[in-house]
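Here is how the chains run, residue by residue.
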Amino acid sequence: MTTAPEATRTLALTIDGARVEVPAGATVLDAILAGGSHVPHLCKDDDQEPLGACRTCLVEVEGVRGFPASCYLAATDGMAVRTRGEALDRVRTNVLDLTLGMVEPGGRGASALAGEAERYGVGGRFAARAERHLDDSTPAFSLNLADCILCGRCVQGCQDVQHIGAIAVLGGGEAAHIGTHLDEPLVDSICTSCGTCVSVCPTQALSPKPEPAPVAQEVSTTCGYCGVGCGVGLQIDADGRLGWVEDRPDNPSSQGMLCVKGRFGLTFVQHEDRLTTPLIRRNGVLEEATWDEALDLVADKLVEHRGSFAALASAKATNEDAYVLQKFVRGLMGTNSIDHCTRLCHSPSVEAMLMQLGSGATSNSYEDYDNAGCLMVVGSDTSSNHPVIASRLRRAIDERGAQLIVVNPKRIELCDYATYFLQPQPGTDVALFNGLAKVVLDEALVDEAFVRDRTRDFEAFAASLEEYTPERVEEITGVPADDIRGAARLYARPPFSGSCVLWGMGVTQHTCGTDNAHALVNLALMTGQMGKPGSGVSPLRGQNNVQGCGDAGCIPDNLPGYQGLGDTNRAKFEAGWGVELPSEQGLRATEMFELAAEGGLRAMYVTGENPLLSEPYIAHAEEAIERLDFLVVQDIFPNETTAHADVVLPATSFAEKDGTFTNSERRVQRVRKAIAPVGQSRPDWEITADLARRVAKRLELSQSQFAWTDASEVFDEMASLTPILGGISYGRLEGAGIQWPCPTPDHPGTPRLYGETFSVGRAPFVAVEQGPPAAELPNRRFPLILNTGRVLYHWHGGTITTRARVLNERMPELPVAIHPRDAAKADIEDGGDVEVLSRRGQLTGKAVVTDAVQPGSIFVPFARLGEFSANYLTNAVYDPKSRIPEYKVCAVRIAKPGAPDTWRRGRGSGRGGRRGG
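Counting restarts for each chain: residues are numbered from 1 in the order of the written sequence. In keeping with the predicted nature of the model, local features appear solely for residues at pLDDT of at least 70, side-chain atom pairs appear and are counted solely at 80 or more, and the whole-chain, interface and lining totals rest on all residues. Think of the side-chain values as coming from all heavy atoms in the structure, minus any hydrogens and water.

Let us now look at the overall build of the protein chain. When helices and strands are tallied, the protein chain shows 28 helices and 37 strands. In terms of overall size, the protein chain behaves like a compact globule, its C-alpha atoms giving a radius of gyration of 29 Å where 917 residues would be expected to give roughly 29 Å. Projected onto its principal axes, the C-alpha coordinates of the protein chain cover approximately 85 × 70 × 65 Å. Buried means the residue's accessible area, taken with a 1.4 Å probe over protein chains only, is under 20% of the maximum for its type, while exposed means over 50%, and partly exposed covers the values in between. Out of the 917 residues in the protein chain, the part that is buried amounts to 62%. Secondary structure counts use DSSP, requiring at least four H or I residues in a row for a helix and at least two E residues in a row for a strand, with both numbered from the N terminus. Here the radius of gyration uses the C-alpha set of atoms, whereas the globule reference equals 2.2 Å times the residue count to the power 0.38.

Following this line, the structure appears as structure tokens:
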């Protein structure tokens, strides 16, 4: 007789006389909850492993002596369980009474403990422990030990879910308490304010600040920050205000985790600075207008400038928003000049991967990070940029023994977990990756079968590695030769499963960014780390929908779904849209500003982008914007670019509309409207569709192509023309989302690409050479190298995070990381003001003196905090292949404000004037 597999076998037991069926492996507590019965379980969070600490979930089991804890007791077939009884109730009420005695009388009130005490009629016979500490140091939440019952759920959440380990149970006996290392304040510890501890606390000892109002509604949606695609539950009060943000354990991308931005950074949605009405510039001043006035003016001006027009799409908007915008640009404005911020982050990855693999997207799923034997993180401060991914990496290391390689010129948090930390000099990545490949080649670590059967041009590539011996690469990069050898061996032959390489903007935002991406793909191909469990290549996407924005067609060289501009593809879309489409590739984002500066581009439509903060060499971008005849900006906040606009259109945030986002693992997920639009703001796709109908009318074209009634209709049209999305619909997205390609309605989606074939046939190796180490070398006047990136508490330019109270309080000023040696030379102290100057501008920030950066280099975040951001300094030179700017390497100097500076001759501020008020 055979038995059913453990995953599908069910057990039947009785709970208080009622039959309950549960899957094999369930606990008695699982069965009680599944059957609709109730027992207290103060130390057992529904989404975490049992702790058995509170002893309130006791039950009586027929044939079992005593009262076991149901959270730890395995359910068995035929088991008979009682949750109430005279003796059992007496024990439970005593336990609850003792537990209640641990907290301050009249504490937090509406907590799980208070509810259970009321349910069982417990009044509190035992005196509360005295002298309990209140930690109110972090702006996100407070820890009041007077309300703590030492259940351990917060510690479990911090250590076993997030794998951060900021808190633990300290001391013993009556002195036992929850605390940080050395009992330092939370704000000074390694706590990241992710809020997991707050979400699981049963007594409100951990409570958000300020305490949210009672919940009237909770809406499941997808976070609007980074490309991880975390599930969030937006809790709305009776007044329609957004309060607490819950995690979603059933979301496969985030698995119940959130970061500080997703948990505490969404207050920007209803910030008082929101744009609430259309604005038209009259006599140099932006003034309120009606929607009809604004859209009619925009329609007239865009028709007038048809032929000299370009648009920027938003990677923070939905797939539907992006699809409608590119359809408008191509179908009515007659140009392919549409782009988005992928040009400024991962366009090199897309260029290289499209050429070598056939797709510019991540090849694997996050699940592969969980199962990989080796994880190589390149040019990504994952703990700051994608904290939930970092938690999964730490979990793989802690629980499965995965090995980690970190490649970064700056020491990051993940280095504490790394087997190898390779710290190259900025701009020398090609040499390092070629050096790793040379070791793989010389030590016979190549996957010969994979290379023979699935790739081409290997011989030419192998020949190109001749000069990249570990010793030569050490001379170029500064990375020890032995570390290069060790890392190459580990990546090629991980201890189990496969190897995943994850990379970020640290290797793409260079003049050699595309070459860097080619070199990483070469390394994956030669070792066969592709298409199998625990392997893959993963450019970690930055914005929440930068993947989807490209999928939807907001790039100048492809129609939706990365379908080229050739005759066959254009004919399909022309038939679907009823218009004639342009065949010439459009302008890339960086080319738009170059052409505008020359007077060759006369009008722009900018949606959800802020180029006067994100473009390199901001003063030059400002000059280009000033030369436009007409600029319309569609956004949720006033910013540096709206200050130059002729018309400003108020859009809604992700919390005020329906749609979809596509995350870094190609997972299409639902976005759901949780609150009413602020003021007169409207979803981006609705605004663009309304504008398109007005433009179509003026051009005497059909308006019906822009007459959708809701976002689902937009998605259906996009899917009907886009094979990789062809089988996806809103109905299918009610659950966990679907990873493209998903060509048919019965297709399950594709967790892992390239299992058997590449769409390009045999994947080509692309030989690349190390060029000059930097686009702008240091000299006597500018002796330091600037490195840039994101930080945990702000997102990119900071437009939304500076309007989120918790995030802004955690980092209110612009930090400038400086090595102690360089700080001493300039007489700059930790926490003091520091001025940073380049050939293009200057900024002032707060010095953070740290050996996390190398001598001779400094680090400045992209975020504009106060008056300045890093892009006042950066250099407008570009990768010739992808046209991404060189954000990472430029020459700077530092000075103490007010100190004599012999080099200070006619410097500019990096900031120009504005068009009117």
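This next bit is on unusual backbone geometry. P210 follows K209 through a cis peptide bond whose omega is -15 degrees. Relative to the elements of secondary structure, P210 occurs in the loop between β9 (206-208) and β10 (217-222). Backbone torsion omega between W740 and P741 reads 5 degrees, so that peptide bond is classified as cis. By the secondary structure assignment, P741 is in the loop between β28 (738-739) and β29 (763-764). One non-glycine residue, D827, adopts positive backbone phi at about 60 degrees. Checked against the element boundaries, D827 lands in the loop between α28 (820-825) and β32 (833-837). On the basis of relative accessibility, which here comes to 48%, the residue D827 falls in the partly exposed class.

Running from N to C, helix α2 (residues 86-100) and helix α3 (residues 112-119) cross one another at 140 degrees; their axes reach a closest spacing of 10 Å. Between α2 and α3, the angle falls in the class oblique. For the element pair α2 and α3, the recorded crossing hand is left-handed. Here L96, T99 and L100 of α2 lie close against α3, whose contacting residues are L113, E116 and A117. When residues are sorted by character, Ala, Val, Leu, Ile, Met, Phe, Trp, Tyr, Cys and Pro go into the nonpolar class, Asp, Glu, Lys and Arg into the charged class, and all the rest, Gly among them, into the polar class. A breakdown of the residues in the contact of α2 with α3 according to their chemical character gives four nonpolar, one polar and one charged. Under this scheme, a helix contributes an axis fitted over its contacting stretch, all axes are lines through C-alpha atoms, and angles between N-to-C directions fall in the 0 to 180 degree range. To sort the angles, those under 35 degrees are grouped as roughly parallel, those over 145 as roughly antiparallel, those from 65 to 115 as roughly perpendicular, and the leftovers as oblique. Crossing handedness: left-handed means the near helix sits turned counterclockwise from the far one by under a right angle, and right-handed means the same turn made clockwise. In what follows, residue pairs with any heavy atoms lying within 4.5 Å of each other are defined as contacts.

When we look at burial in helix α22 (residues 589-597), the residues that qualify are A589, T590, M592, F593, A596 and A597. Viewed end-on, α22 has its buried residues packed into an arc of 155 degrees, placing them on one side of the element. Two residues or fewer past α22, G599 is found with a positive phi of approximately 85 degrees. By construction, the arc corresponds to the directions joining the helix axis to the C-beta atoms.

Bringing empty space enclosed by the protein into the picture now. Only protein atoms enter the 1 Å grid used here, on which a cavity is any set of points holding a 1.4 Å probe that cannot leave and a pocket is any open set flanked by protein within 12 Å on both sides along at least five of seven lines; residues with an atom within 4 Å of a point are listed as lining. Grid points are joined across faces, edges and corners, and a volume is the space filled by probe spheres set on the points. One pass over the structure, following the stated rule, counts ten cavities of 30 Å³ or more. Of the pockets and cavities examined, the largest cavity occupies roughly 590 Å³. Taken together, 34 residues make up the lining of the largest cavity; nearest its centre are S314, K316, G608, D635 and I800. Counting residues per element, the ones that place at least two in the lining of the largest cavity are α23 (611-614) and β24 (630-635). Per-class residue counts for the lining of the largest cavity are 13 nonpolar, 15 polar and six charged. Space inside the second largest cavity adds up to approximately 280 Å³. Looking at the lining of the second largest cavity, the elements with two or more residues in it are α18 (505-508) and β30 (784-789).

A few words now on the pattern of salt bridges. Whenever a carboxyl oxygen of Asp or Glu lies within 4 Å of a side-chain nitrogen of Lys or Arg, that contact is scored as a salt bridge. Taken as a whole and assessed by the stated rule, the structure comprises 48 salt bridges. Between R84 and D89 there is a salt bridge; the shortest N-O distance is 2.9 Å. With relative accessibility at 39%, the residue R84 sits in the partly exposed group. Among the ionic pairs, E471 bridges to R485, the shortest N-O distance being 2.6 Å. Pair noted here: E471 is in helix α16 (residues 470-477) and R485 is in helix α17 (residues 481-492), with a separation of 14 residues, a long-range link. Owing to a relative accessible area of 40%, E471 belongs among the partly exposed residues under this scheme. Here the salt bridges share partners, and the residues they tie into one network are D292, D296, D300, R682, D690, R694 and R698.

Once that is clear, we can look at the environment of L42. Within the element layout of this structure, L42 appears in the loop between α1 (28-34) and β3 (60-61). Here the alpha-carbon distance between L42 and C201, two residues 159 residues apart in the chain, equals 8.7 Å. Here L42 is in contact with C54, T56, L96, T99, A112, L113, E116, I149, C151, R153 and P202, once residues within four sequence places are set aside.

On to the packing of aromatic side chains, then. Stacked, edge-to-face and tilted labels apply to pairs of Phe, Tyr and Trp rings (six-membered ring for Trp) whose centres lie within 6.5 Å, assigned for plane angles under 30 degrees, over 60, and everything in between, in that order. Applying the stated criterion to the full structure yields 16 aromatic pairs. Considering the side-chain rings of Y225 and F268, the 6.1 Å spacing of their centres and the 75 degrees angle between planes classify their relative orientation as edge-to-face. Within this pair, whereas Y225 is found in the loop between β10 and β11 (231-236), its partner F268 is found in the loop between α6 (260-264) and β13 (279-282), the two being separated by 43 residues in sequence. Residue classification places F268 among the buried residues on the basis of a relative accessible area of 4%. Ring geometry for F706 against W708: centres 5.7 Å apart, planes inclined by 80 degrees, an arrangement best described as edge-to-face. As far as the burial class goes, F706 and W708 line up, both buried. Taken together, F141, W244 and F264 form an aromatic cluster joined through their ring pairs. Whether a charge sits over a ring comes down to the Lys NZ or Arg CZ being within 6 Å of the ring centre and within 35 degrees of the ring normal. The ring of W740 carries the charged tip of R666 above its face, separated from the ring centre by 5.8 Å.

A separate point is a negative patch on the surface. Nonpolar side chains (Val, Leu, Ile, Met, Phe, Trp, Tyr) within 5 Å and like charges within 9 Å form the patches, drawn only from residues with over 30% relative accessible area and no salt bridge. Accessible areas in this description were obtained via Shrake-Rupley with a 1.4 Å probe; residue shielding takes into account the shown protein chains only. Positive charges come from Lys and Arg, negative ones from Asp and Glu, while His and the chain ends are left out of the count. To locate a charge, the coordinates of NZ of Lys, CZ of Arg, CG of Asp or CD of Glu are taken. On the surface, E49, D160, D398 and E399 cluster together into a patch of negative charge. The residue E399 is located in helix α12 (residues 387-400) in this model. With relative accessibility at 53%, the residue E399 sits in the exposed group.

Time to look at the sheet that holds strand β12 (residues 242-247). Strand pairing requires that DSSP identify at least two bridges connecting the strands. Taking strand neighbours across the sheet as the criterion, the three strands line up as β10-β11-β12 in an open arrangement whose pairing is antiparallel. One side of each edge strand has no neighbouring strand; the edge strands of this open sheet are β10 and β12. Between one strand axis and the next, the sheet turns by 30 degrees as a mean value, whatever way the strands run. In terms of strand pairing, β10 meets β11 through six bridges, oriented antiparallel. Note on β11: the bridge partner recorded for T221 is V232.

Taken as a whole, the largest pocket spans an internal volume of roughly 1300 Å³. For the largest pocket, the lining is made up of 44 residues, of which D381, S384, E413, L792 and Y793 are closest to its centre. Only α11 (382-385), α12, β31 (815-818), β33 (842-849) and β34 (857-861) provide two or more residues apiece to the lining of the largest pocket. Partitioned by chemical class, the residues of the lining of the largest pocket number 26 nonpolar, eight polar and ten charged. What the second largest pocket holds in volume is close to 1000 Å³. Around the second largest pocket, the lining comprises 36 residues; the ones closest to its centre are D45, S199, V200, C201 and E246. Going through the elements one at a time, α4 (153-161), α5 (196-200), β9, β12 and α12 are the ones with two or more residues in the lining of the second largest pocket.

Attention shifts here to the pairing of strand β6 (residues 141-144). Every second residue of β6 is oriented toward a common face, with F141 and L143 on one face and S142 and N144 on the other, all of them buried. Sheet topology places strand β5 (residues 134-135) next to β6; two bridges connect them, and they run antiparallel. Considered in β6, the bridge of L134 is made with N144. Hairpin connection of β5 to β6: five residues between the antiparallel strands. Across three bridges, the pairing between β6 and β9 is antiparallel.

Residue count minus one, scaled by 1.5 Å, sets the expected span of a helix. Its 14 residues give α12 an end-to-end C-alpha distance of 19 Å, which sits within 8% of 20 Å, the value for a rise of 1.5 Å per residue. Where burial is concerned, most of α12 is hidden: eleven out of the 14 residues are buried. At its buried positions, α12 is contacted by α4, α10 (366-371), β17 (374-378), α11, β18 (403-407) and β21 (499-503). Taken from the residues just after α12, G401 is the one with a positive phi, measuring 80 degrees.

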